[in-house]
Amino acid sequence: MNEITMEVWGDFACFTRPESKVERLTYPVMTPSAARGILSAVYSKPVEFYWQVRRIEVLSPIRYMSFKRNEVIKIIGKNPKPMLVEDDRTQRQTVVLKDVRYRITAEIVLRKGFKGTAEQLYEQAERGIRNGKCFFQPSFGLREFACYYSGPTESTPVNESIDIGIMLYDVFDLNKFEVTPKAEPFVSLFKAKLENGVLEVPPYDSELVLKPERGA
């Protein structure tokens, strides 16, 4: 066993383009970062391995929906103070995908010093997917957009091709094990193209993945 395949689906998804700034505008396809987040919600051992997404297949037609959402503009700190709803919220225009379904294929990349076997990790991950277990509820970009998952089926990808252009690959350095909310952001990008419903994802260490120098 050298890869994991799972299907995920939900009512809505928003994989926000970073260039959209204030308003939320989704990519037409799930990003590798979002796929890794879903896999990590189901099974994760950051010190021992990281998920390398290899392929994302679009199984439902790409459809959009637009609406406004209320969002809180302040972050609760260590000593939280009461929030005033009228003062601490804002409305944002949001363009999302609806009725989404994807098939994710990924592999486990072991970290240096791991003394176990990859087979053990794959078996545990497969068992979690099969039994519907997870560390926390996975989502499609935003927490309120719940993601449901199962093992793969024989569904056929949509017959659609899109030159997406530069797409977000991840927001953390996958070669560092401290991928936590306190980890330092490290944005990487790649040139994405959906071909007949399939988005091929290059390895994180590939020259095809654009990484800025830390601190640039």
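As a reminder, the structure under discussion sits directly above these lines.
Attention here is on the structure that accompanies the text. In this text, all values refer to a predicted model and were calculated from it rather than measured experimentally. Throughout this description, residue numbers start from 1 for each chain and increase along the sequence as written. Per-residue local features of the predicted model are confined to residues with pLDDT of at least 70, and side-chain atom pairs are confined, for both listing and counting, to 80 or more; whole-chain, interface and lining totals are unaffected and use all residues. Side-chain descriptors were evaluated using all non-hydrogen atoms of the structure, hydrogens and water having been removed beforehand.

## Observations concerning the environment of Val42
Counting from the N terminus, the helices are the DSSP runs of H or I reaching at least four residues and the strands are the DSSP runs of E reaching at least two. Mapped onto the elements of the fold, Val42 is located in helix α1 (residues 32-42). Sequence separation between Val42 and Ala125 is 83 residues, and the spatial gap between their C-alpha atoms is 7.4 Å. Contact definition: two residues touch when any of their heavy atoms are within 4.5 Å. What Val42 contacts, discounting residues up to four positions off in sequence, is Met6, Gly128, Ile129, Lys133, Cys134, Phe135 and Tyr149.

## Structural notes on the side chain of Glu7
Secondary-structure assignment places Glu7 in strand β1 (residues 4-13). Throughout, exposure labels follow a simple rule: accessible area from a 1.4 Å probe, protein chains only, divided by the maximum for the residue type, with under 20% read as buried, over 50% as exposed, and the rest as partly exposed. The class of Glu7 is buried, set by a relative accessible area of 0%. Definition of a polar contact: a pair of N or O atoms within 3.5 Å, with one able to donate and the other able to accept a hydrogen when the atoms are protein atoms, and with sequence-neighbouring residues admitted only if both atoms are side-chain atoms. A distance of 2.4 Å separates the side chain of Glu7 from the side chain of Thr153, its partner in a polar contact. Other than its neighbours up to four places away in sequence, Glu7 contacts Leu59, Arg101, Tyr102, Arg103, Tyr148, Tyr149, Ser150, Gly151, Pro152, Thr153 and Ser155.

## Comments concerning the nonpolar core
A general trend in soluble globular proteins is that nonpolar side chains are found buried together. Only buried residues count toward a nonpolar core, which is a set of Ala, Val, Leu, Ile, Met, Phe, Trp, Tyr and Cys residues joined through side-chain atoms within 4.5 Å. Met6, Val8, Phe15, Met30, Trp51, Tyr102 and Phe140 are the most contacted members of the largest nonpolar core, which totals 53 residues. Listing elements by their share of this core, those giving two or more residues are β1, α1, β3 (49-58), β5 (89-110), α2 (118-131), β7 (142-146), β9 (162-170) and β10 (188-195). With seven residues, β5 is the largest single contributor of residues to this core.

## A short note on the pairing of β1
Judged by how many residues are buried, β1 sits mostly within the fold: seven of 10 residues are covered. DSSP-based pairing: two strands are paired if at least 2 bridges between them are found. Of the strand pairs in this sheet, β1 and strand β8 (residues 148-150) are connected by three bridges, and their pairing is antiparallel. Looking across to β8, one finds that Glu7 is bridged to Ser150.

## Some details on unusual backbone geometry
Although it is not a glycine, Asp99 adopts a positive phi angle of roughly 55°. Along the chain, the position of Asp99 falls in strand β5. We note that Asn196 has phi near 50°; this positive angle belongs to a residue other than glycine. Residue placement: Asn196 occurs in the loop between β10 and β11 (198-200).

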